[in-house]
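Read off the chains here:
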Amino acid sequence: MSATRQTRPELVASDVDGTLIDPYERVTVRTRAAVRALVADGVPFVLATGRPPRWIAPVVAGLGFAPLCVCGNGAVLYDAEHDKVLGTTTLDIGTLAWVADIAEKVLPGCGLAAERIGASAHDAATPQFVSSPQYEHAWLNPDDTAVARDEVIDSPAIKMLIRLPGARSGDMAVTLASHIGDRADITYSTEQGLIEISAPGVTKAQGLRILGARLGVAPANMIAFGDMPNDIPMLRMAGLGVAMGHAHPDALAAADEITGTNSEDGVAQVLERWWPRADRASGKR
């Protein structure tokens, strides 16, 4: 293991849903204080999430500052402070059409959606989330644009979403993976019948590597927090990969350490080793 365990990390990265925010989708007072303490100490904090940039604003509000972000499971590098997309990796139209055809054959009844990206989080020139009439959301999504099935796959996308209500995401991923091989990457962040398809090599780990290189931080000197299979590559890459107490079994197995749940401020519990709570640092009870 890296010296990250003993020395102050040079970069901290955290998943958002199920990790940084609590079950009520809030950044708690304790977690906010821990993150702000490391930033005040000059250590970069990065959000590494499956969310697109347009869903970052509530997290920024909860943190009280705008960090660099790895969005779309690694397909987008986003500067939240300046609302600027720094880089993207997309699925081309041919691959989208090919995956869609296979998915509809091996996962009958599934619906398709695509996440696209513009130059900023709310680029009005780009319809950023489009879904077919068969697509049933796994969560509320007020900014959805319903289109014909073929329109879902007629423009490059940072990821394709495949939804099959009543199925388990893990089972869907196994079924589809045997047909598409290494032409695209499959992951998921919920077991509610939803899998996400990205271009080959696109992971949160790859996004963090790129940002780390820009900031002069090697993976061995990073801490990464996560709870679901889409977090596994970065948990394995970081010098210290920390899974939340309630994490998916595969994420738990990939981590170097297990912390408390997101309702127990698990992220803060680890960060306070280097940046103690003010009341404890002062000896208060």
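Quick look at the structure, then. Computed from a predicted model, the values in this text were never measured in an experiment.

### Overview of the overall build of the protein
Phase 1: A count of helical and extended segments in the protein gives eleven helices and 14 strands.
Phase 2: In terms of overall dimensions, the protein has C-alpha extents of about 60 × 40 × 35 Å along its principal axes.
Phase 3: Taking all 285 residues of the protein together, the buried fraction comes to 55%.
Phase 4: Expressed as a percentage of contacts within the protein between residues at least 6 apart in sequence, the contacts between residues at least 24 apart total 58%.
Phase 5: Element-wise, carbon and sulfur atoms account for 52% of the exposed surface of the protein, whose accessible area totals about 12000 Å².

### Focus on the side chain of R51
Phase 1: Mapped onto the elements of the fold, R51 is located in the loop between β2 (45-48) and α3 (57-63).
Phase 2: Within polar-contact distance, the side chain of R51 engages the side chain of D17 at 2.7 Å.
Phase 3: Once residues within four sequence positions are removed from consideration, R51 is found in contact with V16, D17, I21, I56, V59, C71 and G72.

### Quick look at the sheet that holds strand β8 (residues 145-146)
Phase 1: Reading across from one edge, β8-β7-β6-β9-β11-β10 is the order of the six strands in this open sheet, with mixed pairing throughout. Either end of the sheet is taken by a strand with one partner, and the two such strands are β8 and β10 (185-187).
Phase 2: Both strand β9 (residues 159-163) and strand β11 (residues 194-198) contribute to a ladder of four bridges, which runs antiparallel. The partner of L161 across the bridge, within β11, is E196.
Phase 3: Contacts from helix α4 (residues 93-106) reach β6 (111-115), β9 and β11, with the element oriented near 10° to β9.
Phase 4: In this fold helix α6 (residues 169-180) packs onto β9, β10 and β11, with an angle of close to 35° to the strand it touches most, β11.

### Here's the deal with the packing of aromatic side chains
Phase 1: Taken as a whole and assessed by the stated rule, the structure comprises three aromatic pairs.
Phase 2: Their ring planes at 55° and their centres at 6.2 Å tell us that W274 and W275 sit as a pair that is tilted. For the pair W274 and W275, a shared accessibility class is recorded, and that class is buried.

### Some thoughts on the nonpolar core
Phase 1: By size, the foremost hydrophobic cluster in this structure holds 66 residues, and its most contacted members are M160 and I162.
Phase 2: No other element matches the five residues that α4 contributes to this core.
Phase 3: Every residue in contact with I162, bar those within four places of it in the chain, is listed here: V99, A103, L107, C110, G111, L112, M172, L176, G193, L194, I195 and I197.
Phase 4: In this structure, A13, A48, M234 and M237 belong to the second largest nonpolar core, which totals 15 residues.

### Structural notes on helix α2 (residues 29-40)
Phase 1: Counted at 1.5 Å a residue, the expected span for α2 with its twelve residues is 16 Å, and the 16 Å between its end C-alpha atoms agrees.
Phase 2: Within α2 the residues assigned to the buried category are T31, A34, V35 and L38. For α2, the arc enclosing every buried residue in end-on projection is 95°, short of the 170-degree limit, so these residues lie on one face. α2 presents V29 and A40 as exposed residues on the side facing more than 90 degrees away from its buried surface.
Phase 3: Looking at the buried positions of α2, the neighbouring elements they touch are β1 (11-14), α1 (16-20), β2, α3 and α10 (266-271).
Phase 4: Backbone geometry just after α2 places G42 at a positive phi near 90°.

### Some points on unusual backbone geometry
Phase 1: Positive phi values are uncommon outside glycine, yet E25 reaches one of about 65°.
Phase 2: Locating E25 in the fold gives a position in the loop between α1 and α2.
Phase 3: You can call E25 exposed: its relative accessible area is 59%.
Phase 4: Residue N73 is not a glycine yet carries a positive backbone phi of 60°.
Phase 5: Secondary-structure assignment places N73 in the loop between β3 (68-71) and β4 (76-79).

### Structural notes on the layout of surface pockets
Phase 1: Counted as a void, the largest pocket has a volume near 670 Å³.
Phase 2: Taken together, 32 residues form the lining of the largest pocket, with D17, R51, W55, W139 and S189 sitting closest to its centre.
Phase 3: Listing elements by their share of the lining of the largest pocket, those giving two or more residues are α1 and β9.
Phase 4: When the residues that make up the lining of the largest pocket are grouped by side-chain class, the tally is eleven nonpolar, ten polar and eleven charged.

### Points about the pairing of strand β13 (residues 240-243)
Phase 1: The alternating pattern of β13 places L240 and V242 on one face and G241 and A243 on the opposite face, and all of these are buried.
Phase 2: Summarising the sheet, strand β12 (residues 222-226) and β13 pair through four bridges and their orientation is parallel. Across the sheet, G226 pairs through a bridge with A243, a residue of β13.
Phase 3: Remark: the β12/helix α8 (residues 232-237)/β13 crossover connection has right-handed handedness.
Phase 4: Inspection of the sheet shows β13 paired to strand β14 (residues 257-258) by two bridges, in the parallel sense. Across the sheet, A243 pairs through a bridge with I258, a residue of β14.
Phase 5: A crossover links β13 with its parallel partner β14, the connecting element being helix α9 (residues 249-254), and its sense is right-handed.

Conventions and cut-offs
Residues numbered from 1 in each chain as written. Predicted model: local features only at pLDDT ≥ 70, side-chain atom pairs only at ≥ 80, totals over all residues. Heavy atoms only, no water. Helix = DSSP H or I, 4+ residues; strand = E, 2+ residues; numbered from the N terminus. Buried < 20%, exposed > 50% of the residue type's maximum accessible area, 1.4 Å probe, protein only. Contact = heavy atoms within 4.5 Å. Areas by Shrake-Rupley, 256 points an atom, 1.4 Å probe, with all protein chains shown as cover. Polar contact = N/O pair within 3.5 Å; in protein donor to acceptor, adjacent residues only side chain to side chain. Pairing = 2+ DSSP bridges. Axes fitted to C-alpha atoms, helices over the stretch in contact; angles between N-to-C directions. Phe/Tyr/Trp six-rings, centres within 6.5 Å; stacked < 30°, edge-to-face > 60°. Core = buried A, V, L, I, M, F, W, Y, C linked by side-chain atoms within 4.5 Å. Expected span 1.5 Å × (residues − 1). Arc of directions from axis to C-beta. 1 Å grid on protein atoms, 1.4 Å probe; cavity = no way out; pocket = protein on both sides within 12 Å on 5 of 7 lines; lining within 4 Å. Points joined across faces, edges and corners; volume = space filled by probe spheres on them. Nonpolar A, V, L, I, M, F, W, Y, C, P; charged D, E, K, R; others polar. Right-handed = clockwise from strand over helix to strand, strands pointing away.

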